[in-house]
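# Analysis of the macromolecular model
Take a look at the letters that make up each chain.
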Amino acid sequence: MLPSGSWGKRKPQGRWLGWVRSDAPGTMWARPEGVHHPHPHAVVRCPSSSSSSVSCSGDSEEEDMGLLEVGVTDIKPPAPELGPMPDGLSPQQVVRRHILGSIVQSEGSYVESLKRVLQDYRNPLMEMEPKVLSVRKCQVVFFRVKEILHCHSMFQIALSSRVAEWDSTEKIGDLFVASFSKSMVLDVYSDYVNNFTTAMSIIKKACLTKPAFLEFLKRRQVCSPDRVTLYGLMVKPIQRFPQFILLLQDMLKNTPRGHPDRLSLQLALTELETLAEKLNEQKRLADQVAEIQQLTKSVSDRSSLNKLLTSGQRQLLLCETLTETVYGDRGQLIKSKERRVFLLNDMLVCANINFKGQLEISSLVPLGPKYVVKWNTALPQVQVVEAGQEGGSCDKDNVLIQHAGAKKASASGQAQNKVYFGPPRLFQELQDLQKDLAVVEQITLLVSTLHGTYQNLNMTVAQDWCLALQRLMRVKEEEIHSANKCRLRLLLPGKPDKSGRPISFMVVFITPNPLSKISWVNRLHLAKIGLREENQPGWRCPDEDKKSKAPFWCPTLACCTPAFSSRGLSLQLGALVHSPVSCPLLGFSAVSTSLPQGYLWVGGGQEGAGGQVEIFSLNRPSPRTVKSFPLAAPVLCMEYIPEPEEGESGDRDGDEGHTAADPSAVAHPTICLGLQDGSILVYSSVDTGTQCLATCRSPGLQPVLCLRHSPFHLLAGLQDGTLAAYPRTSGDVPWNLESPPVCLTVGPGPIRTLLSLEDTVWASCGPRVTVLDATSLQTQQSFEAHQDEAVSVTHMVKAGSGVWMAFSSGSSIRLFHTETLEHLQEINIATRTTFLLPGQKHLCVTSLLICQGLLWVGTDQGVIVLLPVPRLEGIPKITGKGMVSLNGHCGPVTFLAVATSILALDILRSDQEEAEEDRPDGQAPEPAPAPPSHVGRELTRKKGILLQYRLRSTAHLPGPLLSVREPVPADSSALEHSEEDGSIYEMADDPDVWVRSRPCARDAHRKEICSVAIISGGQGYRNFGSASGVGGRPAPGETDSTLLIWQVPLTL
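All of the points below concern the structure found in this document. (Residues numbered from 1 in each chain as written. Predicted model: local features only at pLDDT ≥ 70, side-chain atom pairs only at ≥ 80, totals over all residues. Heavy atoms only, no water.)

### Points about the sheet that holds strand β14 (residues 572–580)
Strands in a sheet are paired, the pairing made by backbone hydrogen bonds, and the direction either parallel or antiparallel. Reading across from one edge, β14-β16-β17-β18 is the order of the 4 strands in this open sheet, with antiparallel pairing throughout. Looking at which strands have only one partner, the edges of the open sheet turn out to be β14 and β18 (624–631). Averaged over all adjacent pairs, the angle separating strand axes in this sheet is 20 degrees, with direction ignored. Pairing of β14 with strand β16 (residues 598–605) involves 8 bridges; the strand directions are antiparallel. Looking at the pairing, Ser579 lines up with Tyr599 of β16. (Pairing = 2+ DSSP bridges. Helix = DSSP H or I, 4+ residues; strand = E, 2+ residues; numbered from the N terminus. Axes fitted to C-alpha atoms, helices over the stretch in contact; angles between N-to-C directions.)

This is the structure we're talking about:
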């Protein structure tokens, strides 16, 4: 068991390679065990703190940057080579050998690339006479390449040793931990990454001003065997650790439990992920600074915008090249031009892009543009307007809307205040088509009463009219869908007119893809919320000054709301769960800005009295209570149980449209409540009807302290140390609550928390945790999580291959390995909160939550701490200092819960993908018989009905074809229209909502977009950053139960 802060001192078992301090001060020895170093006295001077930035005034590179005293080319590691494959290896062992071969090959290629940077570029440039690049600039461009090469040369030596003895040891994880967990590696790579943008700008400028340098780069590229440019070689260090992570993930997947290399691989994955995250963040910050500097250069020194940009208080949240479009009075595209759009934390800036310089150098090094600011607007004045919503977006009587860039095109013959937005006209055209279809269907009914036979007037032709109009409607709806999919419409304030009436103008941008549109709308929304008083600032790093900005990944406090509608009862919070809603397909605005769709169930009550459940709807911009109902006893715990997996995979491919229209066709998710009087209640969570499906009493009527579900059981932890397990059944109620449960005595004290893992269940009783088999509930083993018998384990949360635990007393949390049960890390939360709570010696952790790589810790003082943890399959150890929320509660944080919903993947499909899906494998689907027209009209009134039809040939009839396609050429042999999938949609009352019927088979493997909100519950609301202790808005009473809801940026 390790004490707090001793992580860096822990040595992995097995052979060890690292930077070992020698007798000489300021030097380090690098010596792998078991490897004969060709130069036993090679030393490397440690990079000092002053070497983190390049000194431009020094003459000696060694003095400025602490380089090697021995040339790295002298280190000639033996070539790693795997011997012949032994007989009798298992399939996993064979795969592990192949992955090791990939690691060896990849590392060899990387080291050779680094050597090429030095030998083919740096050394010739340093020795060249006359100089085409000064010595000082060469030092800046190739800063830290030597040190990186040395690190990997040493790693390659140790790797050779491991490869030679692979068949006897099969261990490589500890080698990665020893080689890449040292601060020197992070320092060297950090310096390189931070300097990369500067290095590229020097190369770019030299290409533009020195023809000899440009010719040198061209000649080197032509002479290289793979034609890789200098930029292509120098970007490889930035890509190296993600490549290592992929290889180690593959190795871990093929390493069985109990293997001596498994824990080392998980630790190695953690080290590499942490290193990659830090480098990515530093690269992001460096790019952000470079973009703002480039933008500042284009602004006059005396302008107010220049002062804002140079104040140092601006954060760049998003920056992308978008295409601005201007439409005419008939919706036609007049012009389009690329713009660079910058979203800062408090303003939006749009700039023209001017590429100047020789285009031929763009293949050697990326060219950076020069900007000319077109407009900038304060963020609160920017409105996102979806197609069809312009009417309600502003007061038409007081605001005049103009279309940006369309004054010349629309001025002639138009009223001054009459504006056409282009794509929104599609809504009117769709309504016209719907009216025309109704008329044509009436005509069809009349045609069916004709007694005679006429060539151009019969049922075949009439049905073709209806079907063609349906097809036109579908195309129009697809155009509307596409119009919102990649079009970002912003309503911005302009200068008032002569009468003083404010004028707003509309700007329409085309985003590169739907993901970009979602990202822009989401970040604009969160940036606006971030400007509220309670979020200025909302988070603070314990060691930073008050002016520092929180990292971009910090969640934003979206709202603060009372937990119970009945204020006078003084109800205490017990638990909260989120019941997601997965049916509607929302428009982009709602998808990108709203909280996760669904309902919050909040349970609580009064000690010795009754309980209450409050249900909040999250389907609107702010939560609102939709139902509350009383219970016989206070709610102590709640568990959301999704629909069984058997139901998830059965009908999804072919019957999604039907299940969306008929919710009773699928197994419903449920919500289980555990009460203080021993009751267990099961409710349906489909709607707010709160139908109680089943109820039972715990053995001995013991209070139910915690509930968890596994694939096989509903598990209840009771006050007397009994674990009650109710087996899963089929039907409306997923658990058999009528028969007596399987009861296990875990310990003498209460079971405070349960954790369900893949094949085990962890139950805590006092300071001990018992590990049970998830299927048979047999005890596998138990271990002591805390040395004090009076302390109980109160919370357990899992991430990767580790479990974090909190205790009934003390401010420390501990990390345990899920497989070996080894204690890996201990963190004292109190050290993070001393600046908020000076003099507060006793602090206790009251809630834990892990979500999207962040560990949330709630305390009894109402303070919430946020600690980043790795997201992958490694060990979720904490390496950073984290952030502390300045928004919290007046009393203990009773719970921390997460609300998530998966955004509809249908909105991410590009037009090309949709076109491909209309013709799977190049063949049209078999058409269903065309229904009678009046029946078709009735069907279109229902949501989610799929009509398929065949358009018959009308080419021989007079008049134009009722088709959106060009007329078929006369010499064409294809006289019939192609078969089309005639999906029918219904526009809901809200133009922001569509209900679609077509499932997307290709979306099964597509990466999901997750909308996440974090909810904390406790007494009252307190702002720790204000002098009075209460933030900007009037807070509820200090004793009222309150919910704080944080919105997390969408993960795209």
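Back to the text.
### Notes on the sheet that holds strand β33 (residues 812–817)
The antiparallel open sheet is built from 4 strands, whose spatial order is β31-β32-β33-β34. Across the chains shown, the open sheet's two edge strands, defined by having one partner strand only, are β31 (793–799) and β34 (823–828). The sheet shows a mean angle of 20 degrees between the axes of neighbouring strands, direction not considered. By the bridge criterion, 5 bridges tie β33 to β34 in an arrangement that is antiparallel.

### Re the pairing of strand β4 (residues 316–327)
For a regular strand, side chains alternate in direction, first toward one face of the sheet and then toward the other. As judged from the 11 bridges shared by β4 and strand β5 (residues 333–344), these two strands associate in the antiparallel manner. The partner of Leu322 across the bridge, within β5, is Arg339. As defined by bridge partners, β4 adjoins strand β11 (residues 503–510) across 3 bridges and the pair is classed as antiparallel. Within the sheet, the bridge partner assigned to Glu324 lies in β11 and is Phe509.

### Quick notes on unusual backbone geometry
With an omega of -5 degrees, the peptide bond between Glu129 and Pro130 qualifies as cis. Looking at where Pro130 falls in the secondary structure, it is placed in the loop between α2 (91–127) and α3 (135–141). The omega angle of the peptide bond from Gln536 to Pro537 is -10 degrees, so this bond is cis rather than trans. Summarising the element assignment, Pro537 is placed in the loop between α16 (514–530) and β12 (539–540). We note that Glu170 has phi near 50 degrees; this positive angle belongs to a residue other than glycine. Owing to a relative accessible area of 10%, Glu170 belongs among the buried residues under this scheme. (Buried < 20%, exposed > 50% of the residue type's maximum accessible area, 1.4 Å probe, protein only.)

### Let's talk about the side chain of Glu170
Along the chain, Glu170 turns up in the loop between α5 (166–169) and α6 (173–180). At 3.4 Å, the side chain of Glu170 and the side chain of His259 are in polar contact. Those residues within four positions of Glu170 in sequence are excluded, and the remaining contacts are Gln93, Arg96, Glu165, His259 and Asp261. (Polar contact = N/O pair within 3.5 Å; in protein donor to acceptor, adjacent residues only side chain to side chain. Contact = heavy atoms within 4.5 Å.)

### Regarding the pattern of salt bridges
Overall, the coordinates contain 21 salt bridges when judged by the stated rule. Between Glu271 and Lys877 there is a salt bridge whose closest N-O contact spans 3.4 Å. A residue pair is termed long-range when its members are at least 10 positions apart, and Glu271 in helix α11 (residues 262–297) and Lys877 in the loop between β37 (864–868) and β38 (883–885) qualify at 606 residues. By the burial criterion, Glu271 is buried, and Lys877 matches it. (Salt bridge = Lys/Arg side-chain N within 4 Å of Asp/Glu carboxyl O.)

### Brief notes about the nonpolar core
Ile172, Phe176, Met234, Phe241, Trp804, Ile813 and Leu855 are the most contacted members of the largest nonpolar core, which has 98 residues in total. Tallying contributions element by element places helix α7 (residues 183–209) first for this core, with 14 residues. Every residue in contact with Met234, bar those within four places of it in the chain, is listed here: Val117, Val141, Phe142, Tyr192, Phe196, Met200 and Ile203. Counting 21 residues, the second largest nonpolar core, distinct from the first, contains Cys851, Met883, Leu1044 and Trp1046. (Core = buried A, V, L, I, M, F, W, Y, C linked by side-chain atoms within 4.5 Å.)

### Description of the environment of Ser160
Looking at where Ser160 falls in the secondary structure, it is placed in helix α4 (residues 145–164). Separated by 56 residues in sequence, Ser160 and Val104 have C-alpha atoms that sit 8.5 Å apart.

### A few points about the packing of α4 against α6
The geometry of a pair of packed helices is captured by two quantities: the angle between their axes and the separation between those axes. Two elements in contact, α4 and α6, have axes whose closest approach is 11 Å; the angle formed by their N-to-C orientations is 160 degrees. Of the possible angle classes, the one that applies to α4 and α6 is roughly antiparallel. Relative to α6, α4 is oriented so that their crossing is right-handed. Residues His152, Phe155, Ala158, Leu159 and Arg162 of α4 lie in contact with α6, whose contacting residues are Asp174, Leu175, Phe176, Ser179 and Phe180. (Parallel < 35°, antiparallel > 145°, perpendicular 65-115°, else oblique. Left-handed = near helix turned anticlockwise from the far one by under 90°.)

### Side note on the environment of Ser224
Position of Ser224 among the secondary structure elements: in the loop between α8 (211–223) and α9 (230–234). On the accessibility criterion, Ser224 (9% relative accessible area) is buried. Distance in space between the C-alpha atoms of Ser224 and Asp120 is 9.1 Å, their sequence separation being 104 residues. Within the structure, the side chain of Ser224 is placed 2.7 Å from the backbone oxygen of Gln221, a separation counted as a polar contact.

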